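Geometric and topological summary
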There are 2 protein chains.
Amino acid sequence: MFQTFDSPPAGADTSERIAGLRELMAKAGIDALLVPHADEYMNEYLPPNAERLAWLTGFTGSAGLAVVARKTAALFVDGRYVLQAPKQVDTGVFEVLQIPEASLADWLGKALKAGGTLGFDPWLHAPSTMDELAKELKGKRIKLKALPKNPIDRIWGRARPAPPRGPVIPHPMKYAGKSAEDKLAELQTTLKKDGQDAVILTFPDSIAWLFNIRGSDVAHNPVVLAFAIVPSSGKAELFVDAAKIGPEARSHLAPLAKISEPASLDRRLAALKAAGKCIRLSPGAALWFYRKLKGGKARIVRATDPCILPKARKNAAEIKGSRAAHKRDGAAVVRFLAWLDREAPKGGIDEIGAAKQLEAMRAETQALKEISFDTISGAGSNGAIVHYRVTTATNRKLGSGELFLVDSGAQYLDGTTDITRTVVIGKPTREMQERFTMVLKGHIGVATALFPKGTRGAELDPFARRALWAAGLDFDHGTGHGVGSYLSVHEGPQSISKRGATVLEPGMIISNEPGYYKEGAYGIRIENLVLVTEAAKPAGGDRDMLGFETLTLAPIDRRLVVAEMLEGEELAWLDAYHARVREVIGPELGPTDRAWLEAATAPIRR
Amino acid sequence: MFQTFDSPPAGADTSERIAGLRELMAKAGIDALLVPHADEYMNEYLPPNAERLAWLTGFTGSAGLAVVARKTAALFVDGRYVLQAPKQVDTGVFEVLQIPEASLADWLGKALKAGGTLGFDPWLHAPSTMDELAKELKGKRIKLKALPKNPIDRIWGRARPAPPRGPVIPHPMKYAGKSAEDKLAELQTTLKKDGQDAVILTFPDSIAWLFNIRGSDVAHNPVVLAFAIVPSSGKAELFVDAAKIGPEARSHLAPLAKISEPASLDRRLAALKAAGKCIRLSPGAALWFYRKLKGGKARIVRATDPCILPKARKNAAEIKGSRAAHKRDGAAVVRFLAWLDREAPKGGIDEIGAAKQLEAMRAETQALKEISFDTISGAGSNGAIVHYRVTTATNRKLGSGELFLVDSGAQYLDGTTDITRTVVIGKPTREMQERFTMVLKGHIGVATALFPKGTRGAELDPFARRALWAAGLDFDHGTGHGVGSYLSVHEGPQSISKRGATVLEPGMIISNEPGYYKEGAYGIRIENLVLVTEAAKPAGGDRDMLGFETLTLAPIDRRLVVAEMLEGEELAWLDAYHARVREVIGPELGPTDRAWLEAATAPIRR
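A brief structural summary. None of these values were measured; they are calculated from a predicted model.

Here is what the cut-offs are and how they apply
Residues numbered from 1 in each chain as written. Chains lettered and ligands numbered in written order. Predicted model: local features only at pLDDT ≥ 70, side-chain atom pairs only at ≥ 80, totals over all residues. Heavy atoms only, no water. Helix = DSSP H or I, 4+ residues; strand = E, 2+ residues; numbered from the N terminus. Rg over C-alpha atoms; globule rule 2.2 N^0.38 Å. Buried < 20%, exposed > 50% of the residue type's maximum accessible area, 1.4 Å probe, protein only. Contact = heavy atoms within 4.5 Å. Areas by Shrake-Rupley, 256 points an atom, 1.4 Å probe, with all protein chains shown as cover. Lys, Arg positive; Asp, Glu negative; His and termini not counted. Charge placed at Lys NZ, Arg CZ, Asp CG, Glu CD. Phe/Tyr/Trp six-rings, centres within 6.5 Å; stacked < 30°, edge-to-face > 60°. Axes fitted to C-alpha atoms, helices over the stretch in contact; angles between N-to-C directions. Parallel < 35°, antiparallel > 145°, perpendicular 65-115°, else oblique. Nonpolar A, V, L, I, M, F, W, Y, C, P; charged D, E, K, R; others polar. Least-squares fit on C-alpha atoms with pLDDT ≥ 70 in both. Pairing = 2+ DSSP bridges. Buried area = accessible area lost by both parts, 1.4 Å probe. Salt bridge = Lys/Arg side-chain N within 4 Å of Asp/Glu carboxyl O. Polar contact = N/O pair within 3.5 Å; in protein donor to acceptor, adjacent residues only side chain to side chain. Arc of directions from axis to C-beta. Disulfide = S-S within 2.5 Å.

Considerations on the overall build of chain A
For chain A, the count of helices and strands is 19 helices and 28 strands. Expected size for 606 residues packed as a compact globule is a radius of gyration near 25 Å; at 25 Å, chain A falls within 12% of this value. Counting only C-alpha atoms, chain A reaches 75 × 55 × 45 Å along its principal axes. Looking at chain A as a whole, 58% of its 606 residues are labelled buried. Contacts in chain A between residues far apart in sequence, at least 24 positions, make up 69% of those at least 6 positions apart. Carbon and sulfur atoms provide 52% of the accessible area of chain A, an area that totals close to 24000 Å². For chain A, the distance from the average position of its 80 positive side-chain charges to the average position of its 71 negative side-chain charges is 5 Å.

Here it is, written out as structure tokens:
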């Protein structure tokens, strides 16, 4: 299994750690310390050795920030964790506060009434966050102080896990579609054009893409933890633990980059600074990099990581790989759905059992490298929790008359998948059917959209909501996120959401996942991945148009569709989609599952 | 008539003026001078005494910027004026360049090779524009210099028109719906809450709204050219030419504001600066104000004009007024359309004749104070020019088999209107009908939208385009702009467009005007004004929703509708809209026009 279902550990006694930390703080002359859930790479998932927040507080959520003052301390979490956090931390020590309602600056203003010094680790914060905080603390007589070493690392001691050393694996040309040499050459052309001497790459997925390598340093994202410097001419330099590099990786990387130990990064930046170079650096890079480079002759250009856009525009090999991955994954999901349909009505299936079965089906493909995130497996009211993660404590039976929402994905060498299906166990209510159909109308509204070149993701988001809006309903998340190619399942810059400012371009892969959540009752989400494609120009049309090819292949529960609520074109899309699922996935199945699929994808009558 | 149809004057000989200007420039030690189409109030329409650009260059377009160097000169215009400008200016003197393709900074870099000083009048530019330009000119060794007096004003001489002196008219409570006393009190509460000592109001429509006054200083917008300072407590001060204020206006204004001559503004700002006040000023105010206040003890808060949002949220009296204005205006438009339908097929109507007839119908209401903009009256290929203004030179007969697009509006005491109808003369082609129906589907998509509170205008724009996109078509303007209440027909902050970042609120009036333009052939636009309203919560809905009430009442040409292309709900909307037009407008008409309206609004069969 690539995931666990353990309950978050409860009631951590962290008093000794806090006491030790406060001693160090006193020695360092700081009155408060920030402890974010973050690592040096701004990863979504942290390696165990970077779980400082959990070690210090007991809180194991995926986002949060602790602040420890001399006598008081607080933990700031978002709405997902307001129930979990107080169970995990010693609330006698940590006041648990919810963002964005509570403000860190206000808390600090009260905790440090007479002013003081707030320490932070510049490796764990982006410059914009700290600029913002500094602005808010102005007038409260609180100064910020970057610490040369994280105090937690000093006291964590021997129990601290070692840094991950997942081996570096070359990513074959067959899947990457473009050699690392060509990618590097194009990157260097960009740097020259922009008049920059070098770029510092700080995001592991950019580095994985650029050098055509993959790794296993963090859960679910096959990246290598590393930094890189690419000069506008000459050889790149990759800062990575040599222990990760076997002979194959060494010969793959030899022509591409000089391999250096991460510890040498400091000296290398000092040299760049002394040489007065013009250095490109992402606004999302750790503040540490900015501090190392500034104040000398070097010029820092704060500009988007230049790998991000080319990585998002999948090439022909990556598209071919994604189609193959989706065919394989679709067959696994269909076998799971058929099993669920046979077993769940008997009453013996629970959320954890379902998640395990789904992973087992994927593992049977023999191609599964990882799951692309912890499966969201929510029955009944648990389905209404958007970021639900099932544990032994929350595990629920899939009851009759309930909806079951399962959001999951796989990492295969040829592509990353992400699919959500909502199915009914037994007989749905009319309300469930109507709301499912509204979500489906939104899904189809996005799937069938044609749009002119230059359209931003934000311009498609309303199509996912119109039918829900007409009924006085909505959902409180974006409609879609970008997806990598055997890389992160959340990959920018494109999105379909209110904030989706990136222009959509052919080759981008993005999720289409409208939903509806009735608190305490049920959740609905229908998610396929779609590929942005050049659309054939309709007869008489005078604009260059783009559209979507739906990549994900698995039936949408027909029992939840109110056919009369669909327009003719919507129904035609659903039937055509189901016909395609049947044609592509059917031959991958045994007779029992194939028969199930035939029924599940039969045209809908009205 | 409130508009003329004269062709723009051609081939101006402005050599003497340019020579005089260059002499002054030499004396003032400046190497180039900016001459924008702008006045001190950042008006859309300028009073004649502010038409410096036209006087200097001969160019009479509504937007443009000349730059005069010692030996060379250029005129920058946008796509609307690339054909007109070269005919109007001496191209031996002015190089005509198109923005945004051509860059002012680049032109200056070439014209002032050795560096130099660029003069400008700080009354005619917003600070952001000049900040941007200064940034671009950095590195070109060109300095900016604010001139104490506009050099053109020194040489324009006696032929310069006097500043407008339209009388100030109190706007009755019946139409304003809220007293100026109450508006001022609320504004002062806002200032106190925001910790500001005073606000400087520089937009004439904000001042007209706040003090409940109207005027006639510029065409089509019933504003008074004035500035105001409103302190957080105490009496406001209105800087306005005393010649505009008759006894009635004097007694209306007496309890509201001290009346001061515009010339005293300078001293008043110096006093605020010396007193170290915290002053709120719009980012759109002339740079002159910022320069007057800065560098002393005063603190300038660059923040939106605080009248803009309350002005945009129409109150009950303004809404009632708008409905009455639209009923009156709808009757005038219907009588025009009926006349057009009788007369145009005979072949004797041209664009100017149609525009005159429409204005005459509005004048017959006895309530017409002004038209709200120059009528766009475009037959056939002229209809495809989005900002078309008919002149004797471009005037075209309304030919058989052609589309005729007419976009017009009226200023009544109780409201401002803006309506576009596209009608066919004789028999349309199938293509015209299909594209008209796509535009209509977009119009209905906006008119029928429900959306949750907090929705920005940008989120509704895609509904206006979806049907066109599906056919590979689009239109290159926003879907809707805000409209004032017997004020400017273009009023912010709300809009329905890709850039519509303002959250829509109940009481806002906005246009709904998707279109389609086939260059050299025909143009289609269907425009109604809509009012944002609180929508009844649909059964089972859990969000607070908003929707639109369509204010404009006039038939949409049924002969151009392909009924089979409409969904059931779209057709139902069109029939219901037509039924409403018939019921409300029918009783306002004589028998002939009423019979025409009955036919024009009959339900559509398919």
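Picking up after the structure, the text goes on.
Focus on the packing of aromatic side chains
Residue and element names in this part refer to chain A. Applying the stated criterion across every chain, the model contains 27 aromatic pairs over all chains. Ring geometry for Phe59 against Tyr81: centres 5.4 Å apart, planes inclined by 80°, an arrangement best described as edge-to-face. Here Phe59, found in the loop between α2 (52-57) and β2 (65-69), pairs with Tyr81, found in the loop between β3 (73-77) and α3 (84-88); they are 22 residues apart in sequence, far enough to count as distant. Across the pair, exposure class does not vary: Phe59 and Tyr81 are buried alike.

Quick notes on the packing of helix α14 (residues 316-343) of chain B against helix α19 (residues 591-600) of chain B
Residue and element names in this part refer to chain B. Two elements in contact, α14 and α19, have axes separated by 10 Å at closest approach and are oriented at 85°. Classified by the angle their axes make, α14 and α19 are roughly perpendicular. Residues Val334, Arg335, Leu337, Ala338, Asp341 and Arg342 of α14 form the contact with α19, whose participating residues are Thr592, Asp593, Trp596 and Leu597. Here the contact of α14 with α19 is built from residues that sort into five nonpolar, one polar and four charged.

Remarks on the relation of the copies chain B and chain A
The transformation that overlays chain B on chain A combines an axial shift of 0.0 Å with a rotation of 180°, and the residual RMSD is 0.0 Å. Here the copies are linked by what is in effect a two-fold axis. Mapped onto chain A, 100% of the interface residues of chain B are again interface residues, and the two copies thus contact each other with one and the same surface.

What to know about the sheet that holds strand β21 (residues 451-452) of chain B
Note on sheets: strands pair through backbone hydrogen bonds, and any given pair is parallel or antiparallel. Residues and elements named next belong to chain B. Strand order in this open sheet of four strands is β21-β28-β27-β24, and the pairing throughout is antiparallel. Pairing within the sheet leaves two strands with one partner each, and these edge strands are β21 and β24 (509-512). Relative to strand β27 (residues 528-534), β24 is paired through four bridges, and the arrangement is antiparallel. Residue pairing for β27: Asn512 is matched across the bridge by Asn528.

Some words on the interface of chain B and chain A
Accessible area lost on assembly of the parts is the figure often given for the size of an interface. With 32 residues of chain B at the contact, the number on the chain A side is 32 residues. Carbon and sulfur atoms supply 49% of the area buried between chain B and chain A, which totals about 2600 Å² over both sides. Run the count over chain B and chain A and you get four salt bridges. The residue Asp476 of chain B makes a salt bridge to Arg543 of chain A at a minimum N-O spacing of 2.9 Å. Across the contact surface, chain B and chain A share 18 residue pairs in polar contact (both at pLDDT 80 or more).

Side note on the sheet that holds strand β1 (residues 32-36) of chain B
Residue and element names in this part refer to chain B. If you walk across this open sheet you meet the six strands as β4-β3-β2-β1-β5-β6, and the pairing is mixed. The sheet terminates laterally at β4 (94-98) and β6 (142-146), the two strands that pair on one side only. For this sheet the average axis-to-axis angle between neighbouring strands, irrespective of direction, equals 25°. Where strand β5 (residues 116-120) meets β6, five bridges bridge the pair, whose relative direction is parallel. Bridged to Phe120 within β6 is Ala146. In this fold helix α4 (residues 104-111) packs onto β1, β2 (65-69), β3 (73-77), β4, β5 and β6, with an angle of close to 10° to the strand it touches most, β2. Helix-sheet contacts for helix α5 (residues 127-137) involve β1, β5 and β6, and the interaxial angle to β6 is about 155°.

Observations regarding the pattern of salt bridges
All names here are of chain A. As enumerated under the stated definition, the model contains 86 salt bridges over all chains in all. Taking the shortest distance from any N to any O, the salt bridge between Arg160 and Asp153 comes out at 3.4 Å. Of the residues examined, Asp153 reaches a relative accessible area of 19% and is grouped as buried. Here Arg465 and Asp461 are joined by a salt bridge, their closest N and O atoms 2.8 Å apart. Residue Arg465 and its partner Asp461 are both found in helix α17 (residues 461-470); the two are separated by four residues, about one turn of the helix. Assessed through its relative accessible area of 2%, Arg465 is described here as buried. When salt bridges that share partners are traced, they join Asp205, Lys311, Lys314 and Glu491 into one network.

Remarks on the side chain of Thr601 of chain B
Residues and elements named next belong to chain B. Tracing the chain through its elements places Thr601 in the segment after α19. We classify Thr601 as buried; its relative accessible area is 1%. From its side chain, Thr601 meets the backbone oxygen of Leu597 in a polar contact 2.7 Å long.

Comments concerning the packing of helix α8 (residues 180-193) of chain B against helix α9 (residues 204-211) of chain B
In helix packing, the relevant descriptors are the interaxial angle and the interaxial distance, both defined with respect to the helix axes. Where α8 of chain B contacts α9 of chain B, the two axes come as close as 7 Å, and the packing angle between them is 115°. Every residue of α9 of chain B that contacts α8 of chain B at Ala180, Lys183, Leu184 and Leu187 of chain B is listed here: Trp209, Leu210 and Phe211 of chain B.

Description of helix α11 (residues 265-274) of chain B
Residues and elements named next belong to chain B. Here α11 has its buried residues at Leu265, Leu269 and Leu272. Buried residues in α11, looked at end-on, bunch into an arc of 55°, giving them a common side. Turned more than 90 degrees away from the buried face of α11 sit Arg267 and Ala274, all of them exposed. Each element contacted by the buried residues of α11 is listed here: β8 (198-201), β10 (227-231), β11 (236-239), β13 (278-281) and α12 (287-293). Phi turns positive one or two residues past the end of α11, at Gly276, with a value near 65°.

Things to note about the state of the cysteines
All names here are of chain A. In this structure the tally under the stated criterion is zero disulfides over all chains. Of all cysteine sulfurs in the structure, the one in Cys307 sits closest to Cys278, which takes part in no disulfide; the separation is 17 Å. On the basis of relative accessible area, Cys278 is assigned to the buried category, the value being 7%.

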